[in-house]
Amino acid sequence: MRYRDTGDYQDLGVPVDDGLVFFSIILGLTMGVAFIYFGLRVKRYWMVIWGVGLVLAGLSYFVMRMLGYF
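Figured I'd write up the structure that's included with this text. Not measured: the values here are computed from a predicted model.

What follows is about the overall build of the protein. Looking only at helices and strands, the protein features two helices and zero strands. Scored against the burial criterion, the 70 residues of the protein give a buried share of 14%. Excluding contacts between residues fewer than 6 apart, the proportion of contacts in the protein whose partners are at least 24 apart in sequence is 34%. Split by element, the accessible area of the protein, about 6,300 Å² in all, is 68% carbon and sulfur.

This is the structure we're talking about:
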């Protein structure tokens with residue numbers, strides 16, 4: 001065996017808390033709106049599609065969080 005297995009698998013640490021999840025939702029929405037704006041401004045429609053995807057993903061996370069799934 002190349003590496004020693006010295007990990008403590010009973011104490012894995014603190015999981016991701018709600019503040020980090022909420023921050024990632026807000027960051028995704030902000031980046032999505034920015035991609036849509038700049039994609040329309042410079043006529044790069046892949047940026048618009050990417051931005052719409054980010055906004056939809058952020059909104060779905062936000063709705064799921066408000067419904068209590070997270």
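The next thing to look at is the packing of helix α1 (residues 18-41) against helix α2 (residues 45-67). As a packed pair, α1 and α2 sit with axes 7 Å apart at the nearest point and diverge in direction by 155°. For the element pair α1 / α2, the angle class is roughly antiparallel. Remark: the crossing between α1 and α2 carries left-handed chirality. Of the residues assigned to the contact of α1 with α2, the class counts are 19 nonpolar, five polar and two charged.

With that out of the way, let us pick up α1. For α1, built from 24 residues, the straight-helix expectation of 34 Å at 1.5 Å per residue is met to within 8% by its first-to-last C-alpha distance of 35 Å. Every buried residue belonging to α1 is among I25, G28, L29, G32 and G39, and all of these are buried. Just downstream of α1, K43 is the residue with a positive phi angle, here 60°.

Summed over the entire model, instances satisfying the criterion amount to one aromatic pair. Taking 5.0 Å as the distance between ring centres and 70° as the angle between the ring planes, the aromatic pair formed by Y37 and F38 counts as edge-to-face. On the accessibility criterion, F38 (42% relative accessible area) is partly exposed.

Let's shift gears to the environment of F38. Inspection of the secondary structure puts F38 in helix α1. In this structure, the C-alpha to C-alpha distance between F38 and G51, residues 13 residues apart in sequence, is 9.6 Å.

Quick look at a nonpolar patch on the surface now. A contiguous nonpolar patch, built from V16, L20, F23, L27 and M31 and spanning about 480 Å² of accessible area, is present on the exposed surface. Positionally, F23 belongs in helix α1.

Bringing α2 into the picture now. Between its first and last C-alpha atoms α2 spans 33 Å; for 23 residues at 1.5 Å apiece the expected length is 33 Å, and the two agree. Once α2 finishes, G68 follows within two positions and takes phi at roughly 95°, a positive value.

Reading the values: rules and limits
- Residues numbered from 1 in each chain as written.
- Predicted model: local features only at pLDDT ≥ 70, side-chain atom pairs only at ≥ 80, totals over all residues.
- Heavy atoms only, no water.
- Helix = DSSP H or I, 4+ residues; strand = E, 2+ residues; numbered from the N terminus.
- Buried < 20%, exposed > 50% of the residue type's maximum accessible area, 1.4 Å probe, protein only.
- Contact = heavy atoms within 4.5 Å.
- Areas by Shrake-Rupley, 256 points an atom, 1.4 Å probe, with all protein chains shown as cover.
- Axes fitted to C-alpha atoms, helices over the stretch in contact; angles between N-to-C directions.
- Parallel < 35°, antiparallel > 145°, perpendicular 65-115°, else oblique.
- Left-handed = near helix turned anticlockwise from the far one by under 90°.
- Nonpolar A, V, L, I, M, F, W, Y, C, P; charged D, E, K, R; others polar.
- Expected span 1.5 Å × (residues − 1).
- Phe/Tyr/Trp six-rings, centres within 6.5 Å; stacked < 30°, edge-to-face > 60°.
- Patch = residues over 30% accessible without salt bridge, like charges linked within 9 Å, V, L, I, M, F, W, Y side chains within 5 Å.
- Salt bridge = Lys/Arg side-chain N within 4 Å of Asp/Glu carboxyl O.

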